[in-house]
Amino acid sequence: MSDLYIIGSYSSVFGKQADRSYKDITREVYLGALSDAGMSDGVDIGSCWFSNFGMHAIGQGGIRGQVCLDPLIKESLFPTFAPIWNVENGCASGAYAFNGALKDLRAGDAQLSVAIGVEKLTAAPGADWDPFKVLAHGIDQLDPNVWEEYYLRAAKRAGKDLKFGGAGKSMFMDTYSTQAAYHMKKYGTTQRQFAIAAAKTHTFGADNPRAQYRFAMTPDEVLDDRLVSFPLTRSMCSPIGDGGAAILVCSEDYLRNAPPSVRERAIKVRASAASSGRYRDLDEPSMTSIAAQRAYEQAGVQPSDIDLAEVHDASTFSEIYQAEMMGFCAEGKGGALHESGETGLGGRIPMNTSGGLVSKGHPIGATGISMLTELVEQLRGEAGVRQVKGARLALAENGGGIVGLDEAACIVTILEHT
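The structure reproduced in this document is the subject of the present report. Nothing here was measured: the structure is a model prediction, and the numbers come from that model. (Residues numbered from 1 in each chain as written. Predicted model: local features only at pLDDT ≥ 70, side-chain atom pairs only at ≥ 80, totals over all residues. Heavy atoms only, no water.)

## Remarks on the packing of helix H1 (residues 22–36) against helix H2 (residues 64–74)
What counts here: Axis lines are fitted through C-alpha atoms, for helices just across the contact stretch, and the angle between N-to-C directions can take any value from 0 to 180 degrees. The way it works is that DSSP assigns letters per residue, a run of H or I at least four long becomes a helix, a run of E at least two long becomes a strand, and they are numbered from the N terminus. Each angle is binned into one of four classes, with values under 35 degrees roughly parallel, values over 145 roughly antiparallel, values of 65 to 115 roughly perpendicular, and all other values oblique. Crossings are classed by handedness, with left-handed meaning an anticlockwise turn of the near helix from the far one by less than a right angle and right-handed meaning a clockwise turn. In this analysis, two residues are considered to be in contact whenever any of their non-hydrogen atoms come within 4.5 Å of each other. Under the grouping applied here, Gly and all other residues not named as nonpolar or charged are polar, the nonpolar ones being Ala, Val, Leu, Ile, Met, Phe, Trp, Tyr, Cys and Pro and the charged ones Asp, Glu, Lys and Arg.
Contact geometry for H1 and H2: axes closest at 9 Å, N-to-C directions at 60°. Taken together, the axes of H1 and H2 lie oblique to each other. For the crossing formed where H1 meets H2, the hand is right-handed. Along its contact with H1, which presents Tyr22, Lys23, Thr26, Arg27, Tyr30 and Leu31, the element H2 presents Val67, Cys68, Leu69, Pro71 and Leu72. Here the contact of H1 with H2 is built from residues that sort into eight nonpolar, one polar and two charged.

As structure tokens, this is what we get:
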């Protein structure tokens, strides 16, 4: 099987952008990825995989990518008749769009494909819009009694009083806090270790010009922030926001004929492995560990070979937990790993150098692709003060939706600078 390469990468600034439309953001990130690859148009693009989660809330439930790309087609910037695939898989939609683009290349259906993720979770003043109702589509709405009873049992084992949702928060934070409380009970993980991890990630975000929140934090400041659902404070939870990202990926044959300036900055895709969730026991490992094992097998590497990682920290508990599921430390040792400083710049495995979801932001459909744009920048040596020296192998874990205590969908991607 021939190798596949990323040759164009772009992310917008994330944040609350009520005055921007889906089409505005799509235009920016698509043209940004083309520009990064030295292209003035997308004439060579054989397919597009378009990621979005919440556009149904404004009445656009179908043909989302076709609608958002239509102005670019009319301007001959995107090729007429190129297939556009629409992807929705919760917060993992972006990674699944990227995986789909890879499948087109491996099948020989295209030599160049683009994955685009776009999301808006804020609306213009006066609009009838509740982002938390939009987010609720990421859990089973056909039989809600099943997960309600499941979470109440899990909370009892964790020694936590669980009340779903509430003003100004997503019920997803209650599920994360339940897992965090159990982790504390079983392994002795402390709320301060969560705060240390969050402060590290926010401090990375302060140096990312595309991050929604650009201010450094101390562990004490994280702990003193407003409590959302114990042990999680506001600074440990990802914010509502808007944004987009795009990635151009090509075949080995296409890259061979590209200009030297493109070949020199190309990043190899070593692995992209998926898994789906189920109602698991609190003591069972997550399905993300399965995706990680599959990715390591595809790439022929071990966790110890990875130089940096972007993981799906919709809450800071997830950053600690996914460090364990990715094999960067033993199960139960994620808190200690972060407390040791090993996940910071200069540490053994820097994590979420973008600022993660808690600082960079979390526009659902764009998140998974934005993780890859951070890793591409790092592997190219273009990350500025966030740069991980000598980075060669990088991993992204993007999870979405929930089935019990598992994500509903997950993809682990491994990229390499050659």
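Now, onward.
## With respect to the side chain of arginine 386
We apply this condition: Relative accessibility under 20% of the residue-type maximum defines a buried residue, over 50% an exposed one, and the middle range a partly exposed one, all with a 1.4 Å probe and only protein chains included. Polar contact is the term for a pair of N or O atoms within 3.5 Å; when the atoms are in protein, one must be able to donate a hydrogen and the other to accept it, and sequence-neighboring residues count only if both atoms are side-chain atoms.
Along the polypeptide, arginine 386 turns up in the loop between helix H15 (364–379) and strand E10 (393–403). In this structure arginine 386 comes out as buried when scored by relative accessible area, which is 3%. One polar contact links the side chain of arginine 386 to the main-chain carbonyl oxygen of aspartate 207, over a distance of 3.3 Å. Excluding anything up to four places from it in sequence, arginine 386 contacts Phe204, Asp207, Asn208, Pro209, Arg210, Leu345, Thr353, Ser354, Glu374, Glu377 and Gln378.

## Let's talk about the packing of helix H5 (residues 144–158) against helix H6 (residues 172–187)
Packing of H5 against H6 leaves a shortest axis separation of 8 Å and a crossing angle of 30°. With respect to H6, the element H5 is oriented roughly parallel. Helix-helix and strand crossings are classified by hand; for H5 and H6 the assignment is left-handed. Seen from H5, the contacting residues are Tyr151, Ala154, Ala155, Arg157 and Ala158; seen from H6, they are Thr175, Thr178, Ala181, Tyr182 and Lys185. For the contact of H5 with H6, the residue count by class is six nonpolar, two polar and two charged.

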